[in-house]
Amino acid sequence: MSDVQIDRIDTASLAGPADYIALLKPRVMSLVVFTALVGMVMAPGGIHPVVGFAALLCIAVGAGASGALNMWYDADIDRLMLRTQKRPIPAGRITESEALAFGLTLAAFSVGCLTVLVNPVAGGLLAFTIFFYVVVYSMWLKRWTPQNIVIGGAAGAFPPVVAWASVTGSVSLESIVLFLIIFMWTPPHFWALALFKSDDYKRAGIPMLPVVAGLAETRRQILIYSVLLAPIGVLPALLGFASLAYGGAAAVLGAVFVGMAVRVYRMADNDTAMVPAKRLFAFSIFYLFMLFAMLLTERLAMLAGLSW
C-alpha cells in the first residue's frame, strides 16, 4: 500500500459525526428550515402534519446537501481563507471524495423523497435549488463575477417557495414575495460581511465586490439594496396577507436597516475597525428573523382563531 493510500485512510478515519454535521452548514440550514416553515404555514389549504414534517426534513436535507457539495467544490479556496480553514475538508478530517459522495447522496435522497412523499412540483423546485446553489453559484458565479451574491442569493430565497409548493402544488404571488424579501436581503447582508473579510476573499482570489470594485462602491451598493429591501419587507401587509401591525413593524425595522446602511456608507476608507459594517451584518440577521417570525406568529394566531 502506497503512502498516499495510507494518508487517505488516516484522513478518512479522523472524521466524526460532528464533521459530517459541519458539512451540512447547520447555521444556514436552520435559516432554511425556519423560512420554509413560514412558507408552509402561510400557504392556503393546510397540509397533514406528517407530510409537512417530511417536507421540511427533505428541504433541510437538500440544504445540507448543497452545503456539503459547496464545501467539496470550494475546498481549494477554503484552505486559503482564515474563516474557512477549520472546515472539515481543509482541516484534513474529511476527504473531498467523501464530501462529494455524501452531498450527492443527500441531494438524491431529499429530492426523491420530496417528489414521492409530497408532490413533484416541490421536488422539482428543490432539485433546481440545489442545482442553482452548487452549479450556478458555487461553480460559476462565485469565482467569476462580483455580482455572485446578487444572482446566487436566489438559492437561499427558494426554501419558502419550495415549502409553499409542498402544500399547494404551485407557486403564487405570496410565495414570490417571501422569495423577494430574502433575495433582496442577501446582498447587503453578505456585502457587510465582505467589507470586514475582504482580505480573506482577496487571498483566495474570489471577486467579491470589495475586492473588485473597492470599499466605497461596496458601501454604496449596500445602501442601494437596503433602500430597495425596506419597502419589499412591507409588501405582505400591502398585499393583504399580513396585518397592518406587521406592516408597521416591518417599516420600522426597514428604516433602522436603512439607517444602519447609511452609517456604513459614511464609513471612511481607512476605517479598519468597520464597526458600522459589523453592526449591520448582525442586525440584518435579526431583521430577517423578525419579519418571518411575525408572519409565522400572525398566521398561527389566525389558525387558532385569535385576532390582533
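A brief report on the enclosed structure follows. None of these values were measured; they are calculated from a predicted model. (Residues numbered from 1 in each chain as written. Predicted model: local features only at pLDDT ≥ 70, side-chain atom pairs only at ≥ 80, totals over all residues. Heavy atoms only, no water.)

### Details of the overall build of the protein chain
A count of helices and strands for the protein chain gives 15 helices and 0 strands. Here the C-alpha atoms of the protein chain give a radius of gyration of 20 Å, agreeing with the 19 Å that 2.2 N^0.38 yields for 308 residues. Overall, the C-alpha framework of the protein chain stretches about 70 × 55 × 25 Å when taken along its three principal axes. Within the protein chain, the proportion of its 308 residues that are buried is 51%. Across the protein chain, contacts joining residues at least 24 apart in sequence account for 74% of those joining residues at least 6 apart. As presented, the protein chain carries roughly 13,900 Å² of accessible surface, and 69% of it is formed by carbon and sulfur atoms. Computed over 20 positive and 16 negative side-chain charges, the inter-centroid distance for the protein chain is 8 Å. (Helix = DSSP H or I, 4+ residues; strand = E, 2+ residues; numbered from the N terminus. Rg over C-alpha atoms; globule rule 2.2 N^0.38 Å. Buried < 20%, exposed > 50% of the residue type's maximum accessible area, 1.4 Å probe, protein only. Contact = heavy atoms within 4.5 Å. Areas by Shrake-Rupley, 256 points an atom, 1.4 Å probe, with all protein chains shown as cover. Lys, Arg positive; Asp, Glu negative; His and termini not counted. Charge placed at Lys NZ, Arg CZ, Asp CG, Glu CD.)

### Quick word on helix H6 (residues 96–117)
A turn of α-helix holds 3.6 residues, and therefore any two residues three or four places apart point the same way. The terminal C-alpha atoms of H6 lie 31 Å apart, and with 22 residues this matches the ideal 32 Å at 1.5 Å per residue to within 8%. By the burial criterion, the buried members of H6 are Ala99, Gly103, Leu106, Ala107, Ser110, Val111 and Leu114. Buried residues of H6, seen end-on, are gathered within an arc of 115° and therefore sit on one face of the element. Away from its buried face by more than 90 degrees, H6 exposes Thr105, Ala108, Val116 and Leu117. Lining the buried residues of H6 we find helix H2 (17–23), helix H4 (49–73), helix H7 (120–144) and helix H9 (159–168). (Expected span 1.5 Å × (residues − 1). Arc of directions from axis to C-beta.)

### Quick notes on helix H14 (residues 244–265)
Relative to the 32 Å expected for 22 residues at 1.5 Å per residue, H14 spans 31 Å between its end C-alpha atoms, a close match to the ideal helical length. For H14, the full list of buried residues reads Tyr246, Gly247, Ala250, Leu253, Gly254, Phe257, Val258, Met260, Ala261 and Val264. Relative to the axis of H14, the buried residues are bounded by an arc of 165° and lie together on one face. The exposed set on the far side of H14, more than 90 degrees from its buried face, consists of Leu244, Ala245, Val252 and Arg263. Looking at where H14 begins, the residue whose side-chain oxygen comes 3.3 Å from the main-chain nitrogen of Ala245 is Ser243. (Polar contact = N/O pair within 3.5 Å; in protein donor to acceptor, adjacent residues only side chain to side chain.)

### Description of the environment of Leu296
Summarising the element assignment, Leu296 is placed in helix H15 (residues 275–303). The exposure class assigned to Leu296 is buried, which follows from its relative accessible area of 13%. Once the C-alpha coordinates of Leu296 and Gly39 are considered, the two residues, 257 residues apart in sequence, prove to be 8.5 Å apart. Contact partners of Leu296, with chain neighbours within four places excluded, come to Phe34, Leu37, Val38 and Val41.

### Focus on the pattern of salt bridges
Tallied over the full model, the rule gives 9 salt bridges. Salt bridges sharing partners connect three or more residues here, namely Asp74, Asp76, Lys142 and Arg143. (Salt bridge = Lys/Arg side-chain N within 4 Å of Asp/Glu carboxyl O.)

### Quick look at the packing of H4 against H7
Between H4 and H7, the shortest axis-to-axis distance is 10 Å and the interhelical angle comes to 20°. Here H4 lies roughly parallel to H7, going by the angle between them. Handedness of the H4/H7 crossing: right-handed. Taking contact as the criterion, the partners of Cys58, Ile59, Gly62, Ser66, Gly67, Leu69, Asn70, Trp72 and Tyr73 in H4 are, on H7, Leu126, Ile130, Tyr133, Val134, Ser138, Met139, Lys142 and Arg143. Per-class residue counts for the contact of H4 with H7 are 10 nonpolar, 5 polar and 2 charged. (Axes fitted to C-alpha atoms, helices over the stretch in contact; angles between N-to-C directions. Parallel < 35°, antiparallel > 145°, perpendicular 65-115°, else oblique. Left-handed = near helix turned anticlockwise from the far one by under 90°. Nonpolar A, V, L, I, M, F, W, Y, C, P; charged D, E, K, R; others polar.)

### Thoughts on the packing of aromatic side chains
One pass over the structure, following the stated rule, counts 14 aromatic pairs. When the ring of Phe128 is compared with that of Phe158, the centres are 5.6 Å apart and the planes differ by 90°; the resulting orientation is edge-to-face. Taken together, the residues Phe128 in helix H7 and Phe158 in the loop between helix H8 (148–157) and H9 connect sequence positions 30 residues apart. For Phe128, a relative accessible area of 39% translates into the label partly exposed. One aromatic cluster is present, formed by Phe128, Phe132, Phe158, Phe179 and Phe183 through successive ring pairs. (Phe/Tyr/Trp six-rings, centres within 6.5 Å; stacked < 30°, edge-to-face > 60°.)

### Quick word on the nonpolar core
Side chains of nonpolar character tend, in soluble globular proteins, to be buried together. Ranked by internal contacts, the top residues of the largest apolar core, which has 95 residues, are Tyr246, Leu291 and Phe292. Here this core gets 12 residues from one element, more than from any other, and that element is helix H10 (residues 173–196). Counting residues in each nonpolar core, the second largest holds 7 residues, with Leu23, Ala68, Met71 and Ile94 among its members. (Core = buried A, V, L, I, M, F, W, Y, C linked by side-chain atoms within 4.5 Å.)

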